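Per-entry structural report
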Amino acid sequence: MPKERPTSAQSRTAWIDDMDTYGSGGHARPDSQFEFRAREDADLPMENEFGQKPGSRSDRGKEQTQVARPKPVGIFGKIGRGIRSLWATRQTEETKGNRELHVKTTLRELIIYIVFLVILCVVTFGMTSTKMYYYTKVMSDLFLSTTHSGGGTFQTLTNVDDFWKFSRETLLKGLYWEKWYNGDDITNPDDLGYIYYENKLLGIPRFRQLKVSSNSCVVHEDFKDVIRHCYDSYSDNLEDKTSTTADHPGYTAWTYKTEEELDGSSHWGQLTTYSGAGYVQELVGNNYTSAKALVDHLFNERWIDRGTRAVFIDFTVYNANINLFCVVRFLVEFPATGGAIPSWTFRTVKLIRYVTVQDYFIMACECIFVLFIVYYIVEESLEIKKHKLSYFKNVWNILDILVILLAILCVAFDVYRTVEVDNKLSVLLENPDKFADFEFLSYWQTRFDNAIAIAVFLAWIKIFKYISFNKTMTQLSSTLGRCAKDLAGFAVMFFIIFLAFTQLGYLLFGTQVKDFSNFQNSFFTLFRIILGDFDFHQLEAANRVLGPIFFMLFVFFVFFVLINMFLAIINDTYSEVKGDMANQKNEFEMGDYFKRGYMKMVEKINFKRDKIVDIQEALKTADINQDHKLEFDEWRTDLKTRGYADSEIEALFAKYDVDGDRILDSAEQKRLTNDLEEQTTAINKEYDNLEKTGHRPGTARSGISENDDTGDESDDDESGTKSSRSGRASSGVSYEEFTVLSRRVDRMEHSIGSIVSKIDAVLVKLEAMEKAKLKRRETMGKILDSITESDGNSDEMKREQMEKLVREELERWDSETSFSPSGRGASPGSGNSSRGVRARSRPNSGNPVDFIYDRGYQSNV
């Protein structure tokens, strides 16, 4: 008996004449090859999973194919759909009810974001290198570690005398290299002006001083006759702005200039913040001799006096070998207490960005980065438009906004810096004997580097937004979210105690211990104690009694109590989250998505292979009269038994019936056979390629069965058809097997019908029992009311009357139960109605409904 093939959605489509995917070499051969192309976009449902007799469903298959065929979309509609799909996210698409679409959209977002993250890392890491550290180290060692005649360095500077020794010796020798390492003089002017023979000194160095005016503070009445001059700590409103240029002609060090005249900026020192104004002296001459004469004059004329509060030394060097600037600033603060406090900054920055080929590659990445920022601005705008204010309730959305804002600021500064550096270099080249002020640019360049570093950090953290589809990946966010309220309450308690200890440490040890010298240092010192970084002997030396007590109390309350409370909150919440996740049902995740995609490809290949096998078998068995000529009726009859529709049978036959005589002769059959063999070879190659990436199932049906654990929704989510899910086994389904299966289905339907009727009967029975319960309760209420109203009777008479009434009521119930149809009053666990009746009089009967009722009855009595 010929095999019958079940009709499927794929078998209702047509053969394509002008395209062949599996031809030799992958090239189309419209005259000799064919391909059966399944309508993947139609997703047609099957009428019958096991098929019917030949010719019974082809017409309906055509109609369903026509109904399911999507409406044609115009060119503008396709463009609009494509543009909209560029910004399709989980918040712009309806993905809540479709888990597969949710994972697919998440995967798409993740891939785009990974590309963005790679571009961001290329841009940021292209701005820095390890050469910057070594450049800074070389310059700092030269000026900070070199000793002067007094035996000290700039780092050990403590008074005015040390400052002048550094300025007249270490500073000038480091700035002006006029001899070679062998002691010979540098005679070539082009070789002058370099530090370490490699770093070009841009412009000339500059000294700048800030002073406060005399009598800027109030002297106590008792000391006014003794102390006639008073100089307060530095403040903008106490600056001394008087100029004495007439006493020192040819020098600018005694002329006050405002911050606007100097185009300067404020500086945050160790003690306070200093303005960009002051008394300025540039080391003109650009050689050691001229600079030494200027510094000696300042020293001899006592340029630094009692009112001096800060002296700045600024200069900039450039290394063309590595294309880096090093902007150097030395600051010596002279507090009102006397002495000197040194500090320094070495800002190694890359202000000229585009020189080498690698730099231009970074520029191209920066352009791509700008496009990504525009892309994400549009994406977030669409999400805000859809969700309105609720958009800002999501932490990840706030993180997106922060990354975008930081990126916009960095792009704006990048443009500004490029323009400003070109302007400054142009002015510097025209006036090489002027001070090169790169302080402002270098300062904001470091702020730019900090901002881009924060942006990279937030960008990496944002990856958790896209990998949260996996429940394991959500443990961190779930734990923090669940314990947020507990942590907020704990934080209030923690900081109350912590700040109390901070103030106590500052007040107790602030005058003697540097780590507690101000409130800020005290705060961070206590954090260091938590991490084990402390100097107990220093506290003990400051106060032999209160020092150890302070230390022990802090360690006990903060380290042993509060920190362990914090850990307990985190641990308990994490255990709860982990337990909840272990009890959750496994949802459709990323691994299932890839597995399903793989099974789709395997299923499609198996389906095409089965089609080829059917055609090959039809060529062998359709020629019934064995005349080596295949007539259309023979061809149609054979393929109809295999479940093919008339349209595809006609299309395939017409393709190879070249002469149009409705007969395939030997040559035409041979041509068809060769095409089938080429198709088989191409499919086998593709199948082998898939086998390298995963397990290869034997058929489409067996292959897709491995994915059945993804849930029943796979039937609907994939294609809406069972044919696309099960494919077609290479052996087919015989007619006898189909008959047996049909009978089994009929018996199953009959059994289900009887079960449903029994369930209905049980529901009716339960409803009747519920009504009987209500009636009994009403009766018992009446009995109790009648007993309560008989006040004249004694307790013994009331008891006898109650027993009589209850016994009569129970006898009436038993009589109703014994005569009720189908023994409705009997216990389900009893074998007869009498046992069921007796079960109602005791609470330990087998009927749970009666047991519950009897307990209620006894409580009422």
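Everything quoted here is computed from the prediction, not taken from an experiment.

Some details on the overall build of the protein
Counting its regular elements, the protein contains 27 helices and 13 strands. In the protein, buried positions account for 39% of the 861 residues. Summed over its atoms, the accessible surface of the protein is roughly 48,400 Å², and 58% of this surface lies on carbon and sulfur atoms.

Quick notes on the UniProt feature "domain: EF-hand" (unreviewed entry) in the protein
With numbering matched to this structure, UniProt assigns "domain: EF-hand" (unreviewed entry) to residues 610-645. Between the end C-alpha atoms of residues 610-645 there is a gap of 16 Å, over a span that is 61% helix and 6% strand.

Looking at the nonpolar core
By size, the foremost hydrophobic cluster in this structure holds 43 residues, and its most contacted members are Phe 143, Phe 163, Leu 171, Phe 207, Trp 303, Phe 315 and Phe 330. Put simply, the parts of the chain that give this core at least two residues each are helix 4 (130-144), helix 5 (160-175), strand 4 (199-211), helix 7 (288-300), strand 9 (308-319) and strand 10 (324-333). Excluding anything up to four places from it in sequence, Phe 207 contacts Phe 163, Ser 167, Leu 171, Tyr 279, Val 280, Gln 281, Leu 283, Val 295, Trp 303, Val 311, Phe 312 and Ile 313. In this structure, Met 127, Phe 372, Leu 458 and Ala 459 belong to the second largest nonpolar core, which totals 33 residues.

A look at the packing of aromatic side chains
The geometry of an aromatic ring pair is captured by the separation of the ring centres together with the interplanar angle, meaning the angle of the planes. One pass over the full model with this rule turns up 52 aromatic pairs. Here the basic side chain of Arg 168 rests over the ring of Phe 299, its NZ or CZ set 4.3 Å away from the ring centre. Above the plane of the ring of Tyr 443 lies Arg 447, whose end atom (NZ or CZ) is 4.5 Å from the centre.

A short note on helix 5
The terminal C-alpha atoms of helix 5, which comprises 16 residues, lie 21 Å apart, in line with the 22 Å expected from a rise of 1.5 Å per residue. Taken together, the buried positions of helix 5 are occupied by Asp 162, Phe 163, Trp 164, Phe 166, Ser 167, Thr 170, Leu 171, Leu 172, Gly 174 and Leu 175. As for helix 5, its buried residues are in contact with helix 4, strand 3 (194-195), strand 4, helix 7, strand 9 and strand 10.

A look at the packing of helix 5 against helix 7
Look at helix 5 against helix 7: their axes get within 10 Å of each other, and the N-to-C directions meet at 175 degrees. The orientation of helix 5 relative to helix 7 falls into the category roughly antiparallel. Across from Trp 164, Ser 167, Arg 168, Leu 172 and Lys 173 in helix 5, the residues of helix 7 making contact are Tyr 288, Ala 291, Lys 292, Val 295, Asp 296, Leu 298 and Phe 299. Grouping the constituent residues of the contact of helix 5 with helix 7 by class yields seven nonpolar, one polar and four charged.

Examining a nonpolar patch on the surface
Taken together, the side chains of Val 545, Leu 546, Ile 549, Met 552, Leu 553, Phe 556, Phe 557, Phe 559 and Phe 560 define a hydrophobic patch exposed on the protein surface, amounting to about 850 Å² of accessible area. Mapped onto the elements, Phe 557 comes out in helix 16 (residues 546-583). For Phe 557, a relative accessible area of 36% gives the class partly exposed.

Here we look at unusual backbone geometry
Leaving glycine out, the prevailing phi sign among residues is negative, and the prevailing peptide bond configuration is trans. Of note, the phi angle at Tyr 197 is positive, near 65 degrees, even though the residue is not glycine. Structurally, Tyr 197 can be placed in the loop between strand 3 and strand 4. A positive phi angle, close to 55 degrees, is found at Lys 388, a residue other than glycine. By secondary structure assignment, the location of Lys 388 is in the loop between helix 8 (357-387) and helix 9 (395-430).

Things to note about the pairing of strand 8 (residues 278-282)
Counting buried positions over the five residues of strand 8 gives four, a clear majority of the element. Note: strand 4 against strand 8, four bridges, orientation antiparallel. Bridged to Arg 208 within strand 8 is Val 280. Judged from the two bridges that link them, strand 5 (residues 256-257) and strand 8 form a sheet pairing that is antiparallel. Its bridge partner lying in strand 8, Lys 257 is registered against Gly 278.

Things to note about the state of the cysteines
In this structure the tally under the stated criterion is one disulfide. Between Cys 217 and Cys 230 runs a disulfide, and the two sulfur atoms are separated by 1.3 Å. Torsion about the S-S bond of the Cys 217 and Cys 230 cystine: about -105 degrees, corresponding to left-handed handedness. Of the two residues, Cys 217 sits in the loop between strand 4 and strand 5 while Cys 230 sits in the loop between strand 4 and strand 5, which places them 13 residues apart along the sequence. Exposure class is identical for Cys 217 and Cys 230. Each is buried. Considering cysteine sulfurs only, Cys 365 is the nearest to Cys 367, which forms no disulfide, with 9.1 Å between them.

A closer look at the UniProt feature "binding site: Ca(2+)" (unreviewed entry) in the protein
Taking the numbering used here, the UniProt-annotated feature "binding site: Ca(2+)" (unreviewed entry) corresponds to Asp 657, Asp 659, Asp 661 and Glu 668. Summarising the element assignment, Asp 657 is placed in the loop between helix 19 (646-656) and strand 13 (663-664). Residue classification places Asp 657 among the buried positions, given a relative accessible area of 7%. With residues near it in sequence (within four places) discarded, Asp 657 still touches Arg 662, Ile 663, Leu 664 and Glu 668. Structurally, the position occupied by Glu 668 is in helix 20 (residues 666-693). Those residues in contact with Glu 668 that lie beyond four places of it in its chain are Tyr 656, Asp 657, Val 658, Asp 659 and Ile 663.

Definitions and limits used
Residues numbered from 1 in each chain as written. Predicted model: local features only at pLDDT ≥ 70, side-chain atom pairs only at ≥ 80, totals over all residues. Heavy atoms only, no water. Helix = DSSP H or I, 4+ residues; strand = E, 2+ residues; numbered from the N terminus. Buried < 20%, exposed > 50% of the residue type's maximum accessible area, 1.4 Å probe, protein only. Areas by Shrake-Rupley, 256 points an atom, 1.4 Å probe, with all protein chains shown as cover. UniProt positions renumbered as here; feature names shortened; annotations may be inferred. Core = buried A, V, L, I, M, F, W, Y, C linked by side-chain atoms within 4.5 Å. Contact = heavy atoms within 4.5 Å. Phe/Tyr/Trp six-rings, centres within 6.5 Å; stacked < 30°, edge-to-face > 60°. Lys NZ or Arg CZ within 6 Å of the ring centre and 35° of its normal. Expected span 1.5 Å × (residues − 1). Axes fitted to C-alpha atoms, helices over the stretch in contact; angles between N-to-C directions. Parallel < 35°, antiparallel > 145°, perpendicular 65-115°, else oblique. Nonpolar A, V, L, I, M, F, W, Y, C, P; charged D, E, K, R; others polar. Patch = residues over 30% accessible without salt bridge, like charges linked within 9 Å, V, L, I, M, F, W, Y side chains within 5 Å. Salt bridge = Lys/Arg side-chain N within 4 Å of Asp/Glu carboxyl O. Pairing = 2+ DSSP bridges. Disulfide = S-S within 2.5 Å.

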